[in-house]
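Commentary on secondary and tertiary structure
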Amino acid sequence: FTGKTGFTHKFDFLIPKSRRYPERLIRAINNPDRNAATSVLFSWTDTKDVRSRDSRFYVFLNDAERPLNPDLLSAFQEYDVRTISWSQRGEHVEELAA
């Protein structure tokens, strides 16, 4: 997607709007650290204004090798990004499949 800066950003998945849920964009982060979070948050904020107003953004975070940093989770929350830890992905199937 092209953001308002003119930069092109890649997302792993786009789930179109359904009757129950708005458009959903998804990125997976294998090594969730500050650099990865900063990059993903920039991509989201740059493209958010050119997407549908009710679009949602989800980030899957790999927590298999180490626990997730609460500061990263807080940063995503500040930008209204829904975080899903890989170990709890099954709890979000309905929200992402419908």
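Quick look at the structure, then. (Residues numbered from 1 in each chain as written. Predicted model: local features only at pLDDT ≥ 70, side-chain atom pairs only at ≥ 80, totals over all residues. Heavy atoms only, no water.)

**Examining the side chain of Ser 85**
By secondary structure assignment, the location of Ser 85 is in strand S4 (residues 81-85). Overall, Ser 85 belongs to the buried group, its relative accessible area being 10%. If near-sequence neighbours (up to four positions away) are discounted, Ser 85 is found in contact with Leu 61, Asp 63 and Leu 68. (Helix = DSSP H or I, 4+ residues; strand = E, 2+ residues; numbered from the N terminus. Buried < 20%, exposed > 50% of the residue type's maximum accessible area, 1.4 Å probe, protein only. Contact = heavy atoms within 4.5 Å.)

**Quick notes on unusual backbone geometry**
The phi dihedral of Asp 80 falls on the positive side, at around 60 degrees, and the residue is not glycine. With respect to the helices and strands, Asp 80 occurs in the loop between helix H2 (70-78) and S4. Judged by its relative accessible area of 47%, Asp 80 is partly exposed.

**Thoughts on the layout of surface pockets**
Any empty space left between the atoms is revealed when a probe the size of a water molecule rolls over them. By volume, the largest pocket amounts to about 190 Å³. The wall of the largest pocket is formed by Phe 13, Ile 15, Ile 26, Ala 28, Ile 29, Phe 60, Leu 61, Asn 62 and Trp 86. No other element matches the three residues that strand S2 (residues 24-29) contributes to the lining of the largest pocket. (1 Å grid on protein atoms, 1.4 Å probe; cavity = no way out; pocket = protein on both sides within 12 Å on 5 of 7 lines; lining within 4 Å. Points joined across faces, edges and corners; volume = space filled by probe spheres on them.)

**As for the packing of aromatic side chains**
Applying the stated criterion to the full structure yields five aromatic pairs. Put simply, the rings of Phe 1, Phe 11, Trp 44 and Phe 57 touch in pairs and so form one group of aromatic residues. The cationic tip of Arg 82 hangs over the ring face of Tyr 58; the distance from NZ or CZ to the ring centre is 6.0 Å. (Phe/Tyr/Trp six-rings, centres within 6.5 Å; stacked < 30°, edge-to-face > 60°. Lys NZ or Arg CZ within 6 Å of the ring centre and 35° of its normal.)

Remember, this is a structural readout, not a statement about activity or role.
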